[in-house]
Structures are given as C-alpha cells and as structure tokens.
Amino acid sequence: AQSVAQPEDQVNVAEGNPLTVKCTYSVSGNPYLFWYVQYPNRGLQFLLKYITGDNLVKGSYGFEAEFNKSQTSFHLKKPSALVSDSALYFCAVRDPRGRGSTLGRLYFGRGTQLTVWP
Amino acid sequence: DVKVTQSSRYLVKRTGEKVFLECVQDMDHENMFWYRQDPGLGLRLIYFSYDVKMKEKGDIPEGYSVSREKKERFSLILESASTNQTSMYLCASSEPSGTGSYEQYFGPGTRLTVT
C-alpha cells in the first residue's frame, strides 16, 4: 500500500540557518512525490514535485527537495530559513502504477509544523 | 492561475442538520477531491470524482455523500451533521492522469463547527 511518513511533528530552526523537513515513502516502483505548504487558515499550496529525472528538485520560495531512492526519502530543504517560512508542511506520494479512477490520488503525510524564530 | 473556491470559510451548524459544502474550480479539471483535516491526523480523503456523475469513496466516506452534476462543481453533503464532523474541509482539483501534471490544487478550506 502507498504511504508517506513525516517522522517529525515539529521542527524548530533559527532564522538564517538551514532547514530540513523529513519525508519517507512506501510505494512499489518509482513514486511521484510532492511537497505542499499550508499557512494558518489557508488551503495547501503546491511547492515542488519529483516525477523523474534529476534527484534534486527546486521549487517555490527557495525550497528544494532531494529524492533518494535507496533511502526511500524525499526531504525538503532550504539553505537559509526565514521567519515567514513558518507553516505546516505536507509530503505526498502518488503511485504511478495506480489503476483506473485511483490514478489521480495522492497520499499525504500527517504534516510537520515548521517554526523559524528570529 | 488555477482557482479553487469553496462556498464558505466558516460554518456553524447544529447536530442533525443537513450540510452542503460547495467547491468550484475554473480550470476544467477532471479530478476533484474532498478531504478533511484534523490536528495530528493530516489530510484524510473522504470522496473523489474523476468525471461528471462519477464518484469514488476515499478512506473515510461514512456520514458523507457527494454530488458532481457539472465538471466544475463538486459538493460534499453531510446528511445529518454530528459533532465528530467538526473539522476543516478542503477541496482540491487536478488534471486527468496522463497529462504529466499530477499536483492537486486546493481551495482555502471551510472550517465547519457542529454544535
């Protein structure tokens, strides 16, 4: 079965320091992976995705993520955190071998609350 | 820009009421989804639809039904609202599979409180 794990409920980092939000997945074959961000009282916003190709994917707001097949991970990173990056982050996976009506489904992790303090 | 709108940002209903949550997308997307979001549980899929009049149960369909009479509109119905349905409800849409674009686009959410 497809699943995504975000092992940390909360990540705290000082402004200017690098940040990492972790995600591991469980999908047979080559997964499609996504990161979303949710600011308070808002819907989810798409940040970046990995479908195929270069393992390092660059996205919005200076974020990037590295696909690591051997470790089944897709960690979100940013070299220098901003206070405005404080938000809830979700990792999601799509099984490319899904069939029929389930092809469009994404499976979401439980989310990681990122807090960047000044 | 893809736009997904939801009929209400905040809604307060009484136990036993029938509740309609509406979602509209303006990008001609085939797929539409309803999730609920609860602290510590992340997003859980209630129902989704991959075409007009087509629907599939997600992981937690009990107590909910849906309607998709037009491509751009996907409605979530709580037949008889209960307090355990107090939650944030998120609607999303995406292009059909095979287009190479698999990300979902989300509406702002409806925070429903059932008293």
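Quick summary incoming for the structure in this document.

Thresholds applied
- Position numbers for residues start from 1 in each chain and track the written sequence from start to end.
- All chains are assigned letters beginning with A, and all ligands numbers beginning with 1, in the order in which they are written.
- Under the rules for a predicted model, residues below a pLDDT of 70 receive no local features and side-chain atom pairs below 80 are neither given nor counted, while totals for whole chains, interfaces and linings still include all residues.
- Each side-chain value is derived from all of the structure's non-hydrogen atoms; neither hydrogens nor water enter the calculation.
- Strands are runs of DSSP state E lasting at least two residues, helices are runs of H or I lasting at least four, and both sets are numbered from the N terminus onward.
- We compute the radius of gyration over the C-alpha atoms and compare it with the globule rule, which gives 2.2 Å times the number of residues raised to the power 0.38.
- Each residue gets one of three labels from its accessible area relative to the maximum for its type: buried under 20%, exposed over 50%, partly exposed in between, using a 1.4 Å probe on protein chains only.
- Note on contacts: a residue pair is in contact if any heavy atoms of the two residues lie within 4.5 Å.
- The term buried area denotes the loss of accessible surface (1.4 Å probe radius) that occurs when two parts are joined, taken as the sum for both partners.
- What makes a salt bridge here is a side-chain nitrogen of Lys or Arg within 4 Å of a carboxyl oxygen of Asp or Glu, nothing more.
- Two N or O atoms form a polar contact when they lie within 3.5 Å of each other; inside protein one atom must be a possible hydrogen donor and the other a possible acceptor, and for residues adjacent in sequence the pair counts only when both atoms belong to side chains.
- Residues are sorted three ways: Asp, Glu, Lys and Arg are charged, Ala, Val, Leu, Ile, Met, Phe, Trp, Tyr, Cys and Pro are nonpolar, and all the rest, Gly among them, are polar.
- Cysteine sulfur atoms that come within 2.5 Å of each other are treated as a disulfide pair.
- Whether two strands pair depends on DSSP finding at least two bridges between them.
- For helices, the axis comes from a line fit to the C-alpha atoms of the stretch in contact; other axes are also lines fit to C-alpha atoms, and the angle between any two N-to-C directions lies between 0 and 180 degrees.

### A closer look at the overall build of chain B
- The secondary structure content of chain B amounts to zero helices and eleven strands.
- When the helices and strands of chain B are listed from N to C terminus, the series reads β-β-β-β-β-β-β-β-β-β-β.
- Whereas a compact globule of 115 residues would reach a radius of gyration of roughly 13 Å, chain B reaches 13 Å, a difference of no more than 12%.
- Across the 115 residues of chain B, 49% fall into the buried class.

### Focus: the environment of Tyr 39 of chain A
- Along the chain, Tyr 39 of chain A falls in the loop between strand S5 (32–38) and strand S6 (44–50).
- Residue contacts for Tyr 39 of chain A: discarding those within four places in its chain leaves Gln 45, Tyr 61, Ser 84, Ser 86 and Ala 87 of chain A.

### Some points on the interface of chain A and chain B
- Tallying the contact residues gives 23 residues for chain A and 27 residues for chain B.
- Contact between chain A and chain B buries roughly 2000 Å² in total, counting both sides, with carbon and sulfur atoms accounting for 54%.
- Among the salt bridges present, the one from Glu 103 of chain B reaches Lys 49 of chain A, with a minimum N-O distance of 2.9 Å.
- Where chain A meets chain B, there are six residue pairs in polar contact (both at pLDDT 80 or more).
- Sorting the residues of the side of chain A that touches chain B by element identifies S5, S6 and strand S10 (87–94) of chain A as the ones contributing at least two each.
- Examining the composition of the side of chain A that touches chain B, we find that four residues originate from one element, S5 of chain A, more than from any other.
- Classifying every residue of the side of chain A that touches chain B by side-chain character gives eleven nonpolar, seven polar and five charged.

### Focus on the state of the cysteines
All names here are of chain A.
- Here the structure, examined in full by the defined rule, presents two disulfides over all chains.
- Residue pairing for Cys 23: its cysteine sulfur links by disulfide to Cys 91, the two sulfurs lying 2.0 Å apart. Judged by the sign of its S-S torsion, about -65 degrees, the cystine formed by Cys 23 and Cys 91 is left-handed. Here Cys 23, found in the loop between strand S3 (19–21) and strand S4 (24–26), pairs with Cys 91, found in strand S10; they are 68 residues apart in sequence, far enough to count as distant.

### Remarks on the sheet that holds strand S7 (residues 64–70) of chain B
All names here are of chain B.
- Strand order across the open sheet formed by four strands is S1-S3-S8-S7, with antiparallel pairing between neighbours. On the outer flanks of this sheet lie strand S1 (4–6) and S7, each paired with one strand and no other. Pairwise comparison of adjacent strand axes, ignoring direction, gives a mean angle of 20 degrees for this sheet.
- Two elements, S1 and strand S3 (residues 19–25), share three bridges in a ladder whose sense is antiparallel.

### Some remarks on the pattern of salt bridges
- Applying the stated criterion to the full structure yields twelve salt bridges over all chains.
- Here Glu 66 of chain A makes a salt bridge to Lys 77 of chain A, at a shortest N to O gap of 3.9 Å. You can see Glu 66 of chain A sitting in strand S8 (residues 64–68) and its partner Lys 77 of chain A sitting in strand S9 (residues 73–78), a full eleven residues away along the chain.
- Given a relative accessible area of 38%, Glu 66 of chain A falls into the partly exposed group.
- Look at Lys 77 of chain A and you get partly exposed, because its relative accessible area is 31%.
- Between Lys 71 of chain B and Glu 30 of chain B there is a salt bridge, with its nearest N and O atoms 3.2 Å apart. A residue pair is termed long-range when its members are at least 10 positions apart, and Lys 71 of chain B in the loop between S7 and strand S8 (73–78) and Glu 30 of chain B in the loop between S3 and strand S4 (31–38) qualify at 41 residues.

### Observations regarding the pairing of strand S9 (residues 87–94) of chain B
All names here are of chain B.
- Counted residue by residue, S9 has eight buried out of eight residues, so it is predominantly covered.
- Of the two faces of S9, the one carrying Ser 87, Tyr 89, Cys 91 and Ser 93 and the one carrying Met 88, Leu 90, Ala 92 and Ser 94 are both buried.
- Across seven bridges, the pairing between S4 and S9 is antiparallel. Residue pairing across strands places Tyr 35 opposite Leu 90, the latter belonging to S9.
- Relative to strand S11 (residues 110–114), S9 runs antiparallel, the two sharing three bridges. The residue bridging Ser 87 from the neighbouring strand is Leu 112, located in S11.
- As paired elements, S9 and strand S10 (residues 105–106) share two bridges and run antiparallel to each other. Residue pairing across strands places Ser 93 opposite Tyr 105, the latter belonging to S10.

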